[in-house]
Amino acid sequence: MGIEAIDVSKRFGDFQAVEKLSLSVETGSLVALLGPSGSGKSTLLRLIAGLELPDTGRIFLTGEDATYRNVRERNIGFVFQHYALFKHMTVRQNIAFGLEIRKASKKFIQERVDELLTLVQLQGLGNRYPSQLSGGQRQRVALARALAVQPKVLLLDEPFGALDAQVRKELRQWLRRLHDEMHVTTVFVTHDQEEAMEVADRIVVMHRGRLEQVGTPAEIYDAPASEFVMQFIGPVNVLRGDHGLACAVGDRVFVRPQDVAIETTAEVGSVPARIRRIINLGWEVQIELNLRDGQALVAHLPRDTFEGLRLRVDQEVFVSSKEARSFTPDYAI
């Protein structure tokens, strides 16, 4: 096992950041810690890194108890959101820093830095300073510096959070390819659901210092374990009372927008609704509706389906649900 946390807890004053949390990360896997602010994901990452010590519990790295080892002894690469590069050093010097601290030979350092510059696609930029690079290039330098010492574990704390949307998308695709090439056990923190779904082998959903669910992206999305996971992972309609739309029962029924079907004539199991807004998202069309009881409902339709229906604002239509979920009170938020 690459990483194992057993009954780990951490409190800061009156705030319980992590509570009796147990987690296993397989060697060579890429795992996302996903959750809202204050869910404990960054604290858990810092506990794994040794930047914080747990109040209770144990942490194992590659099968060895590392609970009270210092940061350097853990052989971990850590990448922060804001790069943390040395501004007065060139790209090459930044990447070489950890190797120089470990007194590696000059020949090895030069070969390793050249190898990493190629790996992170920054050939020819080794003599530039961080101020001469774009945000995406700086984050690649930070990753190369973390990888230089050949860590057993790579930890990334919201590594793309400071970048614009297009650069984030490019870098997370690049990170996935990089991981597939290097197979370093990697854990990264994010609050971006799309980022976690696109990059990770497995997702750890955290809420209030505890694990809500651990699974593959498909498992997390298609079979959420709780109301919190259902609402946090992807858009969802929350319907209350006797709305007549879904076969699921309960005070709160959850329907994904892509599971809402729209017809212009009444069908078995459908209920009337009125279109109040149509939003063209390019790859699909978002339809905002109101049910007869006033509850709002959002549907996502493929463009060809939308065009075939010829829908318009204020039109009365009939909606039904392809799939709906409800949860027992034990899983309530």
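See the structure above.
Cut-off values and rules
Residues numbered from 1 in each chain as written. Predicted model: local features only at pLDDT ≥ 70, side-chain atom pairs only at ≥ 80, totals over all residues. Heavy atoms only, no water. Pairing = 2+ DSSP bridges. Helix = DSSP H or I, 4+ residues; strand = E, 2+ residues; numbered from the N terminus. Axes fitted to C-alpha atoms, helices over the stretch in contact; angles between N-to-C directions. Parallel < 35°, antiparallel > 145°, perpendicular 65-115°, else oblique. Left-handed = near helix turned anticlockwise from the far one by under 90°. Contact = heavy atoms within 4.5 Å. Nonpolar A, V, L, I, M, F, W, Y, C, P; charged D, E, K, R; others polar. Patch = residues over 30% accessible without salt bridge, like charges linked within 9 Å, V, L, I, M, F, W, Y side chains within 5 Å. Areas by Shrake-Rupley, 256 points an atom, 1.4 Å probe, with all protein chains shown as cover. Salt bridge = Lys/Arg side-chain N within 4 Å of Asp/Glu carboxyl O. Buried < 20%, exposed > 50% of the residue type's maximum accessible area, 1.4 Å probe, protein only.

Chemist: For this particular structure, what's the right way to read the sheet that holds strand β13 (residues 260-263)?
Modeler: Note: strands within a sheet are paired through backbone hydrogen bonds, in either parallel or antiparallel orientation. The five strands are arranged β13-β17-β14-β15-β16 in an open sheet whose pairing can be described as antiparallel. The open sheet terminates on both sides in strands that have one partner only, identified here as β13 and β16 (296-302). Averaged over neighbouring strand pairs, the angle between their axes works out to 45° when direction is ignored. By the bridge criterion, seven bridges tie strand β15 (residues 284-291) to β16 in an arrangement that is antiparallel. By the bridge assignment, N290 is partnered in β16 with A296.

Chemist: Just to check I follow, could you spell out the packing of helix α4 (residues 135-148) against helix α5 (residues 165-182) for this structure?
Modeler: Any two packed helices are characterised by the angle at which their axes cross and by the distance between the axes. Across the interface, α4 lies against α5 with an axial gap of 11 Å and an inter-helix angle of 25°. When the axis of α4 is compared with that of α5, the two are roughly parallel. The two elements α4 and α5 meet at a crossing, and its hand is right-handed. The segment α4 lies against α5, with G136, Q139, R140, L143 and L147 engaging V167, L171, W174, L178 and M182. Considering only residue class, the contact of α4 with α5 consists of seven nonpolar, two polar and one charged.

Chemist: What's the story with a nonpolar patch on the surface in this structure? I'm lost.
Modeler: The grouping of L51, V71 and F80 at the surface amounts to a nonpolar patch, some 210 Å² of accessible area in total. Here F80 shows up in the loop between β6 (76-79) and α2 (91-101).

Chemist: What's the story with the pattern of salt bridges in this structure? I'm lost.
Modeler: Should the charged atoms of two oppositely charged side chains come close, the side chains can pair. A full pass over the atoms with the stated rule returns 21 salt bridges. Across the salt bridge formed by R176 and D180, the nearest N and O atoms sit 2.6 Å from each other. Of this pair, R176 and D180 both sit in helix α5, separated by four residues, roughly a single helical turn. According to the relative accessible area criterion, R176 is buried, its value standing at 18%. Each of K169, R172, D192, E194 and E198 takes part in a single network of salt bridges with overlapping partners.

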